[in-house]
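# Working through the structure, step by step
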Amino acid sequence: MTTSAPVLPKLIGERVKRREDPRLVRGLGTYVDDLKVTGMRHVAFKRSDIAHGTIRKIDTSAAEKMDGVEAVFTGADIAKILAPMPIGTPFPSPPHYAVAADTVRYAGEPVALVVAADRYVAKDAADAIVVTYDPLPVVVDPEAAMEGKPGVIHKDFPNNLAVALVPSGTGVAPDFSKIDNTAVDKAFAEAEVKISQRMVNHRLVPNAMEPRGVLAHWEPGKETMTIWSSTQNPHILKTMIAAMNGLGQHQVRAIAPEVGGGFGAKINIYAEEYVCSVVSKKLGIPVKWIEDRTEAFVATTHGRDIIGYVDIAARKDGKVLGLKMRLIADIGAYNMLLTAAVPTLTMLMANGTYDIPAIRTTLTEVFTNKTPTDAYRGAGRPEATYFVERAMDMLARELNMDPAELRRKNFIKPNQFPYQTQMGAVYDSGDYEKTLDVALKAANWKGLIAERDKARKEGRLVGLGLAFYVEVCGLGPSSSLPTGGWEHGQVTIERDGRITATTGASPHGQGNETTFAQMLADQFSVPFEHVTILHGDTGIVKQGIGTFGSRSQAVAGTALHLAGAKVKKKMAQFAAAMLEASEDDIVFENGTIGVKGAPAKAKPFAAIAGYAYVPVPLPQGMEPGLSDEAFFEPANNTYPFGCHISMLEIDRETGEPTLVKLIAVDDAGNLINPLIVEGQIHGGLAQGIGQAMIEEAVYNDEGQLMTGSFMDYAMPRATDFPRFEMASTVTPTPVNPFGAKGVGEAGTLGSTPCIVSAAVDALSPFGVKHIDMMLRPEKLWKIINGGGRS
Amino acid sequence: MIPVAFDYQRATSVDDAIAKLTASGGKAIAGGHSLVPLMKLRLSEPGTLVDISKIPGLSGVKEAGGKIEIGATTTHAEIAGSKLLRDKCPILAEAAAEIGDPQVRNRGTIGGSLAHADPASDLPAVAIALDADIQIKGRSGARTVKAAAFFRGFYDVDLAAGELIVAVHVTPVRSAAYAKLHQRASHYAIVGAAVALDVKGGVIQSARVGLTGATTHAIRLAGVEKALAGKKADGVAAAVASAAGEAGDLNADLHASADYRKAMIPVFVKRAVERALARG
Ligand SMILES: Cc1cc2nc3c(=O)[nH]c(=O)nc-3n(C[C@H](O)[C@H](O)[C@H](O)COP(=O)(O)OP(=O)(O)OC[C@H]3O[C@@H](n4cnc5c(N)ncnc54)[C@H](O)[C@@H]3O)c2cc1C
């Protein structure tokens, strides 16, 4: 009896289960808080409990006397060993001390810290620090803030303007040297229908399951700093920690161990990271800080919070002629790493999926006495989608047109790609109409309309919403990122034929240990289990940028593939020498390396690997070993898109909305692992639906976060959702060899406007045209009862 | 999220718990799902915790002499899952099943819920509607308090230092129901109405109505009870119309204004009555 070896399946495109999950769901992951270093001490921060004031006095004497307390630092002490924190955008920025030196500008800002033997003592001592403030006027409303009311937060930023009115779009020269309003004015002058609406894309708390944490270890003997942090980008952390400690980058190693979610809020390099590093260096001992949930609500950056004044001009037949968008971003008290850049992505994506002849956007960013904002899943693009799609929906309603048909009429057509937008983006590829048709069919749009109309006749409040989105992903060319926009990968064939690869992406939920292993297993035709993906440690991963902007597959995946190709070529050369064949005839197949047309000659993959490391004889002109690396710089971003449809029912008596249906059709180009893609979309949908329906960061007039715990800030749960109905279309990108676009953020884009549009549709019998998120039952109840219309 | 230091003692019996509470001046802990969050925010700083959750015989649902007894440390999940309650007194199982989320229901207890008396908690309203007897034990012996008298004010109940709730006794009622407007973050009640009816031939003979979430503490709506007597299904809406007025000063918070609560009280009382009527 003969047995043939099992044939290895092709893995790209397969629903391979995440190899990360078995360890994570069994509690076997190692997070920052699981780490202990000998001699380690614990840090706790004293934080401001007021939103704005000058520090008159800090009394640390009681804290210093407590048993187990090793050191107490005030803002003034830290300012001596740490310069104000840098930002990563080219905008002017006020000094931002990691620990407030003389003024506090948001509730939760650090004012002092304690280093102690354990976390409990540290917290007790931090509580024993007494700070006396002279309160200053608290700036909460961004539109009042723009007029300097009721006060000014940073003295060199009059009227609290962090970024003062930046125009963009049709007629605006890239360097602002010329602003020509002719086209925009003409569009609005010729329009038969015009719609104006103020919309708020409100503030959210990112709430990763794992709060942040840092362990900094300065080793005086070696003069090296190792910093473990719950971060999305250890290489950026390494760069910044080196710079702020006056060290060379060769002296710093940054490690992101298991990271329990980031959602953009762990891109920023935070005060606590800098402070732990300088304190460790100053005291010569390792120090650890773990954020608790109460801190996480105020000390980790928030997301969104952009007001949009949107005007849309169209002909009666639905052709959109012009769009104006005046954006006001409430960025909170300080500029963080990417804060100022996030709303610029809202401007960049103002075209949506439409061929609009004239667009003008302006952006103003405003300081308020709130937690600073920064990236949050989607970062600027969901805001753009929300404003554009809500405006399109209002236009459809005004024209009494099917919202799908209005979109169809205005789509950028497949033959227009690559498409240069009015906003300066070049959309790589798209076939929007195809995706719309798939979505309408998947949802049974006509059937849904009939269902809604029937429900309406019964007196029920049922509404439908449809939204289309395009986002900018796969960031990106180096011109668009201060860090550089490439990614790095290294592939090593071990002596035993197993493959170890490193990636500069730093996955924290994206599943790249699985998807990248799928790619490499296919590339070398070896079993999936033989490939390991290492990441998140600058001591192991030579270079990298990190995970954000839905870039891992498009950029880091490609870098690994290119590194793999280099190694594969060298391995083929070793095989050619060993098998006495021509390199061109070498085939990698099913765990073996052989010669085309001579299957009997094939050797196990491991045998060739072994030969490469003990090369007797060493083929002429070759070095031993099998390891190589590649950097990949994409020529452009990618622009995935999709269509989301929802059905919502509102309880007439209570105003409570229930999401009845959600259909998501996404086009992220070619998919490496549809299972993981669906998981990413599910997560994004949860956050988009959460924003539309139940999540909102609410501040009171004193600048206190009223939704500062999960008792008041609603995190969406499985029971808040219907079963998602999903489908996909595939429009590959020409930007990378996989044709993959990126999908990490997509779910947040389409879901939010389509749900709000469904709510407006449901309440249209009451004459409502727009409702600001979140869909608070009381708000809807008021509309039903004749109030609160807009 | 880091509490101050405290001692922990585990009680082996109710008497042991009372002795330990008296000696230490500490606080009882059952499920810990109201107490521990307060401790983590340092809003409660007990020096000693006396754990009553493992006291033998203090938890469980049993029937005796036409009454149902629910031990103080019976968890919400046990109440929600009790076949006895689902058959004979479904309102309790139904209300417990709507508390918080699975983690909360697996830890939180009926005794803790009644003793803590959060203005938005569910079970106080149900206890009032069922005219429950709350059994209490302390140093000076045992006593029983009617639910409607037990809840006195904002986090204020008829329980002296060192006293424990040991059980809740109810006379089972099938035609009783609980209807609740959920606060979407915590799932506490914005407004919760519990109604127990005596129905004959589709006519309400008598009613008992408990309301939670709307005021400083769970209250009985005696006026609505009176208005419901003698009504059939078609008379319910009119009978409950005065419910909000009877409740008096209403809570207002981030999640709901007083006006909204005012409008929601009759809605949820009506829903509870209708559901109770449907149970026959
Ligand atoms: C996220 C979250 C959501 C929640 N949602 C809801 C909800 O939707 N509806 C709702 O009703 N509740 C809700 N709760 C509260 C929950 O039901 C608690 O379990 C309950 O309020 C207290 O019960 P416990 O056993 O946990 O009490 P503990 O926290 O252990 O104790 C609470 C207080 O009662 C005292 N105590 C406990 N047992 C006794 C006793 N036998 N005799 C005397 N005193 C006693 C303690 O000393 C303490 O002061 C929620 C809680 C959380 C954390």
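Up top you'll find the structure we're talking about.
Residues numbered from 1 in each chain as written. Chains lettered and ligands numbered in written order. Predicted model: local features only at pLDDT ≥ 70, side-chain atom pairs only at ≥ 80, totals over all residues. Heavy atoms only, no water.

### Overview of helix α17 (residues 605-613) of chain A
For α17(A), the complete set of buried residues consists of A:Phe605, A:Ile608, A:Ala609, A:Tyr611 and A:Ala612. Mapping the buried residues of α17(A) onto a view down its axis gives an arc of 160°, with all of them on the same face. (Buried < 20%, exposed > 50% of the residue type's maximum accessible area, 1.4 Å probe, protein only. Helix = DSSP H or I, 4+ residues; strand = E, 2+ residues; numbered from the N terminus. Arc of directions from axis to C-beta.)

### With respect to empty space enclosed by the protein
Gaps left between atoms are located by rolling a probe of water-molecule size over the structure's atoms. Enumeration according to the criterion identifies 8 cavities of 30 Å³ or more in this entry. The calculated volume of the largest cavity comes to roughly 190 Å³. Along its surface, the largest cavity is lined by 21 residues, and A:Met774, A:Arg776, A:Pro777, B:Arg184 and B:His255 are the ones closest to its centre. When the residues that make up the lining of the largest cavity are grouped by side-chain class, the tally is 12 nonpolar, 4 polar and 5 charged. (1 Å grid on protein atoms, 1.4 Å probe; cavity = no way out; pocket = protein on both sides within 12 Å on 5 of 7 lines; lining within 4 Å. Points joined across faces, edges and corners; volume = space filled by probe spheres on them. Nonpolar A, V, L, I, M, F, W, Y, C, P; charged D, E, K, R; others polar.)

### Topic: the interface of chain B and chain A
Across the boundary between the two partners, chain B contributes 28 residues, which contact 28 residues of chain A. Counting the surface lost from both chain B and chain A, the interface buries some 2,400 Å², and carbon and sulfur atoms represent 53% of this. The largest per-residue losses of area from chain B upon contact with chain A belong to B:Ile2, B:Arg184 and B:Leu254, which jointly make up 29% of the total buried on that side. Taken together, the connections running from chain B to chain A amount to 7 salt bridges. Across the pair A:Glu653 and B:Arg271 runs a salt bridge, and its minimum N-O distance is 2.8 Å. Taken together, the connections running from chain B to chain A amount to 13 residue pairs in polar contact (both at pLDDT 80 or more). Those elements that provide at least two residues to the side of chain B that touches chain A are β11 (176-182) and α13 (258-278) of chain B. (Contact = heavy atoms within 4.5 Å. Buried area = accessible area lost by both parts, 1.4 Å probe. Salt bridge = Lys/Arg side-chain N within 4 Å of Asp/Glu carboxyl O. Polar contact = N/O pair within 3.5 Å; in protein donor to acceptor, adjacent residues only side chain to side chain.)

### Digging into the layout of surface pockets
Residues and elements named next belong to chain A. When its volume is computed, the second largest pocket comes out at roughly 500 Å³. Lining the second largest pocket we find 21 residues, and of these Val200, His202, Glu696, Ala697 and Val698 sit closest to its centre. Where the lining of the second largest pocket is concerned, the elements lending two or more residues are β8 (193-204), β13 (303-314) and α20 (777-784). With 4 residues, the top contributor of residues to the lining of the second largest pocket is β8.

### Remarks on the packing of helix α11 (residues 381-399) of chain A against helix α12 (residues 403-410) of chain A
Residue and element names in this part refer to chain A. The interhelical angle for the contact between α11 and α12, taken along N-to-C directions, is 115°, at an axis separation of 9 Å. Relative to α12, the element α11 is oriented roughly perpendicular. Taken as a pair, α11 and α12 cross one another with a handedness that is right-handed. Of the residues in α12, those in contact with Glu389, Met392, Asp393, Leu395, Ala396 and Leu399 of α11 are Pro403, Leu406, Arg407 and Asn410. (Axes fitted to C-alpha atoms, helices over the stretch in contact; angles between N-to-C directions. Parallel < 35°, antiparallel > 145°, perpendicular 65-115°, else oblique. Left-handed = near helix turned anticlockwise from the far one by under 90°.)

### Let's talk about the pattern of salt bridges
In the structure shown here, the tally under the stated rule is 69 salt bridges over all chains. Notably, a salt bridge pairs A:Glu190 with A:Lys186, separated by 3.7 Å at the nearest N-O pair. With a gap of 4 residues between them, A:Glu190 and A:Lys186 both fall in helix α6 (residues 182-190), about one helical turn apart. Under the relative-accessibility criterion, A:Lys186 is labelled partly exposed at 49%. The partner of B:Asp131 in a salt bridge is B:Lys146, and the shortest N-O contact between them spans 3.5 Å. With B:Asp131 in the loop between α8 (123-129) and β6 (133-138) and B:Lys146 in strand β7 (residues 141-146), the pair connects residues that are 15 residues apart, well separated along the chain.

### Comments concerning the site of the ligand
Residue and element names in this part refer to chain B. In the region of the ligand, 33 residues are neighbours, and Ala28, Gly32, Thr109, Asp122 and His187 sit closest. Take Gly32: an N or O atom from its main chain is 2.7 Å from an oxygen atom of the ligand. Here an oxygen atom of the ligand and a side-chain polar atom of Lys180 are 3.4 Å apart. Contact with the protein chains hides 93% of the accessible area of the ligand, taken as 960 Å² for the molecule alone. With 5 residues, the single largest contributor to the shell around the ligand is helix α7 (residues 110-116). In terms of residue class, the shell around the ligand is made up of 14 nonpolar, 15 polar and 4 charged. (Near = heavy atom within 4 Å. Areas by Shrake-Rupley, 256 points an atom, 1.4 Å probe, with all protein chains shown as cover.)

### A closer look at the pairing of strand β26 (residues 641-650) of chain A
Residue and element names in this part refer to chain A. Buried residues dominate β26, accounting for 9 of its 10 residues. Sheet analysis places β26 next to strand β27 (residues 657-667), joined by 10 bridges and oriented antiparallel. For Met647, the partnering residue across the bridge sits in β27 and is Lys661. Linking β26 to β27, which pair antiparallel, is a turn of 6 residues; within it Gly655 sits at a positive phi near 80°. (Pairing = 2+ DSSP bridges.)

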